[in-house]
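Structural description and commentary
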Amino acid sequence: MYLDPDVVRSVKILVVGAFGVGKTTYIGNISEIEPLQTEEEITEASVGVDDLSRTPEKTTTTVAMDFGRLTLSDELVLYIFGTPGQERFKEMWEELSRGALGALVIVDPQRLDESFPVLDLVERFGLTYAIGVNHFEGTTAYPLEEVREALNLPADTPVVGCDVRDQRSAAQALITLVQHLQSLLD
Amino acid sequence: MPDEHDQDEEPELELTSALVPFFVITNGRALPSDQQYERTALVTALKGTSAAARTLSPEAQAIVDLVAHGFLSVAEVAGHTHLPLGIVRILLAQLEESGLVLVRKPVPRAEPTDRELLGDVLAGLKSKFGA
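Residues numbered from 1 in each chain as written. Chains lettered and ligands numbered in written order. Predicted model: local features only at pLDDT ≥ 70, side-chain atom pairs only at ≥ 80, totals over all residues.

Quick look at the overall build of chain A now. Along its length, chain A carries 5 helices and 7 strands. Taken along its principal axes, the extent of the C-alpha atoms in chain A is 55 × 45 × 35 Å. The buried share among the 186 residues of chain A stands at 45%. When contacts within chain A are restricted to residue pairs at least 6 apart in sequence, those whose partners lie at least 24 apart make up 73%. (Helix = DSSP H or I, 4+ residues; strand = E, 2+ residues; numbered from the N terminus. Buried ≥ 20, exposed ≤ 12 C-beta atoms within 10 Å, placed from the backbone. Contact = placed C-beta atoms within 7 Å.)

Okay, structure coming up:
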């Protein structure tokens, strides 16, 4: 359960995507620990039904988010946080994106339109990202260039196939993201 | 086929309401800023025999016990204790103030000078997954 005693550095990468796109499966597949969840409160604007004045109120709800861990060397640990891509979670994005190396955006090629709010958040919070196109069982692999076009991505943004149920494929998508981060330093 | 998407249950989106009166657990303390106990900050217990150690709330004691023998991230502390992240941060602030835990801040955002850090991350991923 504990980190290796010499681990002194921690970094994080966000795994983001629309609801049901495979974030939980991805983290479960790649994490060295049984994935855990954090529970945290978010405030949302709402209109009280019984409130005659109909003034918008803020209500608090709790959201549970998955994360996983990867010890990368004697002294370095990487945490991977599954991050929901809806606008109403933007409060959490503020903190999650701070200090993050980057984001892996998982998309479902059959539901690409659902990725726009996610990409909007990623760009708004200034995260460098790569796209992992999930391959769902029973579907044919989707041409990656079509995904790039449909999402209107910058030419240098990596787009890779990523079967979230396959550890090698999932890891390769992370590696692609880190290589992209490196290339931006050159 | 709508079934295709059911493979991925996302418990992260379960919305529930808080059942615990948190102000009791935290003695009414305000939230520390989230920068103070970032979820990747690493926490371990310090050997303390101070009076503070004997008057901890059960929740604070649970945190001390959890990290008694090594480092865990703030996120893992929240995950294992099932306490909301905000509450964990408040309790960690109390515990750090009392000298009962040590908190190690995460590496700040990778700057252009962090070529070495990215290199370490990449090497680690490659060796871990044989890629």
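Time to look at the overall build of chain B. When helices and strands are tallied, chain B shows 6 helices and 4 strands. Each helix (α) and strand (β) of chain B, taken in turn from the N terminus, gives the series β-α-β-α-α-β-α-α-β-α. Scored against the burial criterion, the 131 residues of chain B give a buried share of 33%. Sequence separation of at least 24 residues holds for 74% of the intrachain contacts in chain B that already meet a minimum separation of 6.

This brings us to unusual backbone geometry. Although it is not a glycine, Asn152 of chain A sits at a positive phi angle of roughly 55°. In this structure, Asn152 of chain A sits in the loop between helix H4 (144-151) and strand E7 (159-162). For His82 of chain B, which is not glycine, the phi dihedral falls at a positive 60°. Judged by the 12 C-beta atoms lying within 10 Å of it, His82 of chain B falls in the exposed class.

Right, let's get into the interface of chain B and chain A. Each side of the interface is counted separately: chain B has 50 residues, and chain A has 52 residues. For the side of chain B that touches chain A, the elements supplying multiple residues, two or more each, are strand E1 (15-16), strand E3 (72-73), helix H4 (74-81), helix H5 (85-97) and helix H6 (115-129) of chain B. Grouping the amino acids of the side of chain B that touches chain A by side-chain chemistry returns 22 nonpolar, 12 polar and 16 charged. (Nonpolar A, V, L, I, M, F, W, Y, C, P; charged D, E, K, R; others polar.)

Let us look at the sheet that holds E3 of chain B. Across a sheet, paired strands are connected by hydrogen bonds in the backbone, their directions being either parallel or antiparallel. The strand order E3-E2-E4 (chain B) describes an open sheet built from 3 strands, whose pairing is antiparallel. Lying at the two open borders of the sheet, with one neighbouring strand each, are E3 and strand E4 (101-104) of chain B. (Pairing = 2+ DSSP bridges.)

What follows covers the environment of Arg148 of chain A. Residue and element names in this part refer to chain A. Among the secondary structure elements, Arg148 is positioned in helix H4. Along the chain, Arg148 and Pro158 lie 10 residues apart, while their C-alpha atoms are 8.9 Å from each other. Non-local contacts of Arg148, meaning those with residues more than four positions away in its chain, are made with Leu153 and Val159.

Moving on, we get to the nonpolar core. Membership of the largest hydrophobic core comes to 83 residues, with the highest contact counts inside it found for Ile13, Ile80, Ala103, Leu104 and Val105 of chain A together with Val43 of chain B. Sorting elements by how many residues they give to this core places H5 of chain B first, with 8 residues. Every residue in contact with Ile80 of chain A, bar those within four places of it in the chain, is listed here: Ile13, Val15, Ile27, Ile30, Ser31, Phe67, Gly68 and Leu70 of chain A. (Core = buried A, V, L, I, M, F, W, Y, C linked by C-beta atoms within 7 Å.)

The next thing to look at is the packing of helix H1 (residues 23-30) of chain A against helix H5 (residues 167-183) of chain A. Residue and element names in this part refer to chain A. Relative to each other, H1 and H5 sit at 100°, their axes nearing to 9 Å. The angle between H1 and H5 falls in the class roughly perpendicular. Across the interface between the two elements, Tyr26, Asn29 and Ile30 of H1 pack against Gln167, Ala170 and Ala171 of H5. (Axes fitted to C-alpha atoms, helices over the stretch in contact; angles between N-to-C directions. Parallel < 35°, antiparallel > 145°, perpendicular 65-115°, else oblique.)

All right, on to the pairing of strand E6 (residues 129-134) of chain A then. All names here are of chain A. When you tally the buried positions in E6, you get 6 out of 6 residues, the bulk of the element. Each parallel crossover has a hand, and for strand E5 (residues 102-107) linked through helix H3 (residues 116-124) to E6 it is right-handed. Summarising the sheet, E6 and E7 pair through 4 bridges and their orientation is parallel. If you follow Asn134 over to E7, its bridge partner there is Cys162. (Right-handed = clockwise from strand over helix to strand, strands pointing away.)

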